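Chain by chain, the residues:
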Amino acid sequence: MMVYNTLLFERRNAIGYVTINRPEKLNALNRQVMEELRACFQSLRDDQDVRVVILTGSGDKAFVAGADINELAQQSAVEGRETSRLGQQVFDLIENLGKPVIAAINGFALGGGCELAMACTLRLAADNARLGQPEVKLGIIPGYGGSQRLPRLVGKGRALELILTGETLTGAEAHRIGLVNQLVPAADLLAAAEKLAQKIIANAPLAIKFALQAVNHGLEMSAAQGQVLESTLFGLCNSTADMKEGTRAFLEKRPARFAGN
Ligand code: COA
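As a convention, each chain's residues are numbered from 1 in the sequence order in which they are written. At least 70 in pLDDT is required for a residue's local features to be given in this predicted model, at least 80 for side-chain atom pairs to be given and counted, and no such filter applies to totals for whole chains, interfaces and linings, which use all residues. The side-chain figures draw on all heavy atoms in the structure; neither hydrogens nor water molecules are used.

**Description of the overall build of the protein**
Helix numbering and strand numbering both begin at the N terminus, where a helix is a DSSP run of H or I of at least 4 residues and a strand a DSSP run of E of at least 2. Tallying secondary structure elements over the protein gives 11 helices and 10 strands in all. Overall size of the protein, expressed as C-alpha extent along the three principal axes, is 60 × 40 × 35 Å. The cut-offs for exposure are 20% and 50% of the maximum accessible area for each residue type, with area from a 1.4 Å probe on protein chains only; residues under the lower value are buried, those over the upper are exposed, and the others partly exposed. Sorting the 261 residues of the protein into buried and exposed places 45% on the buried side. In this description, contact between two residues means that some pair of their heavy atoms is separated by no more than 4.5 Å. Relative to all contacts within the protein whose residues are 6 or more apart in sequence, the contacts with residues 24 or more apart total 68%.

**A look at the environment of Leu 160**
For Leu 160, the location among the structural elements is in helix H6 (residues 156-165). Taking relative accessible area as the criterion, Leu 160 reaches 37% and is therefore assigned partly exposed.

**Focus on a nonpolar patch on the surface**
To count toward a patch, a residue needs a relative accessible area above 30% and no salt bridge. Like charges then connect within 9 Å, nonpolar side chains (Val, Leu, Ile, Met, Phe, Trp, Tyr) within 5 Å. Residue-level accessible areas treat just the shown protein chains as cover; the underlying method is Shrake-Rupley with a 1.4 Å probe. Take a side-chain nitrogen of Lys or Arg and a carboxyl oxygen of Asp or Glu: if they are within 4 Å of each other, that pair is a salt bridge. Taken together, Ile 69, Leu 138 and Ile 140 make up a surface patch of nonpolar side chains, about 250 Å² in accessible area. Considering the arrangement of structural elements, one finds Leu 138 in the loop between strand S8 (130-132) and helix H5 (146-154). Exposure remark for Leu 138: the relative accessible area of 49% places this residue in the partly exposed category.

**Description of the sheet that holds strand S5 (residues 101-105)**
For two strands to be treated as a pair, DSSP must find no fewer than two bridges joining them. If you walk across this open sheet you meet the 6 strands as S1-S2-S3-S5-S7-S10, and the pairing is mixed. Every other strand in the sheet has two partners, leaving strand S1 (7-12) and strand S10 (182-184) as the edge strands with one partner each. Each strand axis lies, on average, 20° off the axis of its neighbour in the sheet, ignoring direction. As paired strands, strand S3 (residues 52-57) and S5 are joined by 3 bridges and run parallel to one another. Each bridged residue has a counterpart across the sheet, and for Ile 54 the counterpart in S5 is Ile 102. Working convention: axes come from line fits to C-alpha atoms, limited for helices to the stretch in contact. Angles between N-to-C directions cover 0 to 180 degrees.

**Details of the nonpolar core**
We call a set of buried residues a nonpolar core when its members are Ala, Val, Leu, Ile, Met, Phe, Trp, Tyr or Cys and they connect through side-chain atoms within 4.5 Å of each other. Ranked by internal contacts, the top residues of the largest apolar core, which has 48 residues, are Val 18, Phe 41 and Leu 179. Broken down by element, this core gets its largest block of residues, 6 residues, from helix H1 (residues 31-46). Every residue in contact with Val 18, bar those within four places of it in the chain, is listed here: Leu 7, Leu 8, Phe 9, Leu 37, Cys 40, Phe 41, Leu 44, Val 53, Ile 54, Leu 55 and Thr 56. Ile 102, Leu 122, Leu 189 and Ile 200 belong to the second largest nonpolar core, which has 19 residues in total.

**Topic: the side chain of Asp 68**
Relative to the assigned elements, Asp 68 resides in the loop between strand S4 (62-64) and helix H2 (69-72). On the basis of relative accessibility, which here comes to 7%, the residue Asp 68 falls in the buried class. Of the polar contacts made by the side chain of Asp 68, one reaches the backbone nitrogen of Asn 70; its length is 2.9 Å. Sequence-distant contacts of Asp 68, that is, excluding residues within four places in its chain, are made with Arg 22, Ala 28, Leu 29 and Asn 30. What qualifies as a polar contact is a pair of N or O atoms within 3.5 Å, subject to a donor-acceptor requirement within protein and to the restriction that residues adjacent in sequence count only when both atoms come from side chains.

As structure tokens, this is what we get:
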């Protein structure tokens, strides 16, 4: 198992737990965190024993309070572009991991923290969560995909309101506009994430992977092209042992046992 300086990692019951671990800096994303996130998610992508990932922040105050402002304050235009591209690539890896990633938002998810949560497949917010894109208060704009993912998640008008005001939303407000899937008491956050993960884990692994591809790639295409992709992936499902097991189990009135092939 890999050891990281800024992340905690463990694997239990087919779930990979990734915790960003800089609580004294509210888990701000510096370059080392980004590089370790990349390495960690690359190994999670290839780990067949992990079916769902739960991503959270260390401590009880923050998921991630943004990109590290100490590093931001010093960077040149060229470095800024590279930092942004690295962040985008790491978050794209998370979005297209081939298995779901659940963000358990246990406090501040600001700037890069909100962008990281949006790159995850599903978001659960504790009732003490605070989400927003306050970059304009620092003289910058979202640089880790937020200007693209936020309007896709909550609509252009709400996204622009958040990005232009830099205003922070409570967990309840984020839930109301669809920025998070569920709002739960802080003490129940991890249990709620595990419950959601186990519901997904009970289903056919390849179907989960293809459904993620259909939605993620389909959203980048015209609706007609997206439907062609959907049919291709639907057809591919018919070649899997999981599809035979799933349909047979239904007809035999028993729970399915999926092997992921
Ligand atoms: N980058 C670097 N350090 C950060 C940080 C960030 N994004 N967010 C918080 N920290 C650090 C603080 O500098 C402080 O460090 P120090 O103890 O060495 O001074 C520590 O984390 C605790 O933060 P603090 O501001 O004292 O906590 P708070 O409860 O008073 O306020 C926030 C919490 C989240 C409101 C405040 O930290 C904040 O506004 N952070 C920046 C949010 C932001 O703009 N993010 C977008 C960046 S693109």
